[in-house]
Amino acid sequence: MTKELGAQSAATELRMPLDTKVVIWVFCGAVGAGLGFAVPWLLQFAARHPIPYADTVRFLGSFSSPAMVIGRPVALAALGLVIGLFVTYHAAVLRISDESITIVEGDDSRVITRDQVGGVFRHGGKVRIESPVGRVLFDDDVEGGKAAIASAFRRHGYPWEGA
């Protein structure tokens, strides 16, 4: 998502939109819940093959009390949700201004000044910012779509090298 910050600041912010975060959270939670329902079947299936500790695996897959039948998917859905929250929290946020680029990933923040930037381009789904001597200053996924990302860097006068 590209967002113009207030009138006093001409900075452009590239970040993961809330609807994308919600999709990731729901997906991770659903995968966890699905795995919670499938664990007994997977353990019983594995126990039918010649694996070490087959009796232990069979025993772990045999729990069928209501607390386990309901609790296992709920616990693994919560674990999936935590993983989804972790992934979205650490997604890069770029604040691009005429003077600098501020990169925030989770609790970490760093600033790349204009004179440190030699070139900016996309490769695959990632954006790479390099210094004039070719040192990689940033190389990670950035939300916003190809056109919005290129436009944000060009609007602030950074050397966009992408097509």
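Residues numbered from 1 in each chain as written. Predicted model: local features only at pLDDT ≥ 70, side-chain atom pairs only at ≥ 80, totals over all residues. Heavy atoms only, no water.

Remarks on the overall build of the chain
Then, in step 1: Within the chain, the regular secondary structure consists of 4 helices and 8 strands.
Then, in step 2: Here the C-alpha radius of gyration of the chain, 23 Å, is well above what a compact globule of 163 residues would show, namely 15 Å.
Then, in step 3: Across its three principal axes, the chain shows a C-alpha extent of roughly 65 × 35 × 25 Å.
Then, in step 4: Expressed as a percentage of its 163 residues, the buried residues of the chain come to 33%.
Then, in step 5: For the chain, long-range pairs separated by at least 24 residues make up 49% of all intrachain contacts whose partners lie at least 6 apart in sequence.
Then, in step 6: Carbon and sulfur atoms make up 66% of the accessible area of the chain, which totals about 9,700 Å². (Helix = DSSP H or I, 4+ residues; strand = E, 2+ residues; numbered from the N terminus. Rg over C-alpha atoms; globule rule 2.2 N^0.38 Å. Buried < 20%, exposed > 50% of the residue type's maximum accessible area, 1.4 Å probe, protein only. Contact = heavy atoms within 4.5 Å. Areas by Shrake-Rupley, 256 points an atom, 1.4 Å probe, with all protein chains shown as cover.)

Considerations on the packing of aromatic side chains
Then, in step 1: Summed over all chains, the structure comprises 3 aromatic pairs.
Then, in step 2: Geometrically, the ring pair formed by tryptophan 41 and phenylalanine 45 is stacked, given 5.6 Å between the ring centres and 15° between the ring planes. Separated by 4 residues within a single helix, tryptophan 41 and phenylalanine 45 lie in helix H1 (residues 18-47), roughly one turn from each other.
Then, in step 3: A relative accessible area of 53% means that tryptophan 41 is categorised as exposed.
Then, in step 4: Between phenylalanine 153 and tyrosine 158, the aromatic rings sit 6.2 Å apart at their centres with planes inclined by 85°, giving edge-to-face as the arrangement. (Phe/Tyr/Trp six-rings, centres within 6.5 Å; stacked < 30°, edge-to-face > 60°.)

Considerations on helix H3 (residues 66-89)
Owing to its 3.6 residues per turn, the α-helix brings residues three or four apart onto one side.
Then, in step 1: Taking 1.5 Å per residue as the helical rise, H3 with its 24 residues ought to reach 34 Å, and the 34 Å between its terminal C-alpha atoms agrees with that figure.
Then, in step 2: Every buried residue of H3 is listed here: Arg72, Pro73, Ala77, Gly80, Gly84 and Thr88.
Then, in step 3: Structurally, H3 contributes buried residues whose contacts are with H1. (Expected span 1.5 Å × (residues − 1).)

Things to note about H1
Then, in step 1: The end-to-end C-alpha separation of H1 is 42 Å, in line with the 44 Å expected for 30 residues at 1.5 Å each.
Then, in step 2: Of all the bends in H1, the greatest reaches close to 45° and is centred on alanine 38; the proline proline 40 follows between one and four positions later.
Then, in step 3: Three or more residues of H1 are buried, namely Lys21, Cys28, Gly29, Gly32, Ala33, Gly36, Pro40 and Ala47.
Then, in step 4: In this fold, the buried residues of H1 make contact with helix H2 (54-60) and H3. (Bend = angle between axes of the 7 residues up to and from the residue.)

Observations regarding the pairing of strand E3 (residues 93-96)
Then, in step 1: Pairing geometry for strand E2 (residues 12-14) and E3, over 3 bridges, is antiparallel. Across the sheet, leucine 14 pairs through a bridge with leucine 94, a residue of E3.
Then, in step 2: Between E3 and strand E4 (residues 100-105), which pair antiparallel one after the other, the connecting turn spans 3 residues. (Pairing = 2+ DSSP bridges.)

Considerations on the confidence of the model for the chain
The predicted coordinates of low-pLDDT regions are not to be read in fine detail.
Then, in step 1: In the predicted model, the chain carries a mean pLDDT of 87, and 94% of its residues have values of at least 70.
Then, in step 2: The low-confidence segment residues 2-9, where pLDDT is below 50, has 14 contacts with residues more than four positions distant or belonging to other chains. (pLDDT = per-residue confidence, 0-100.)

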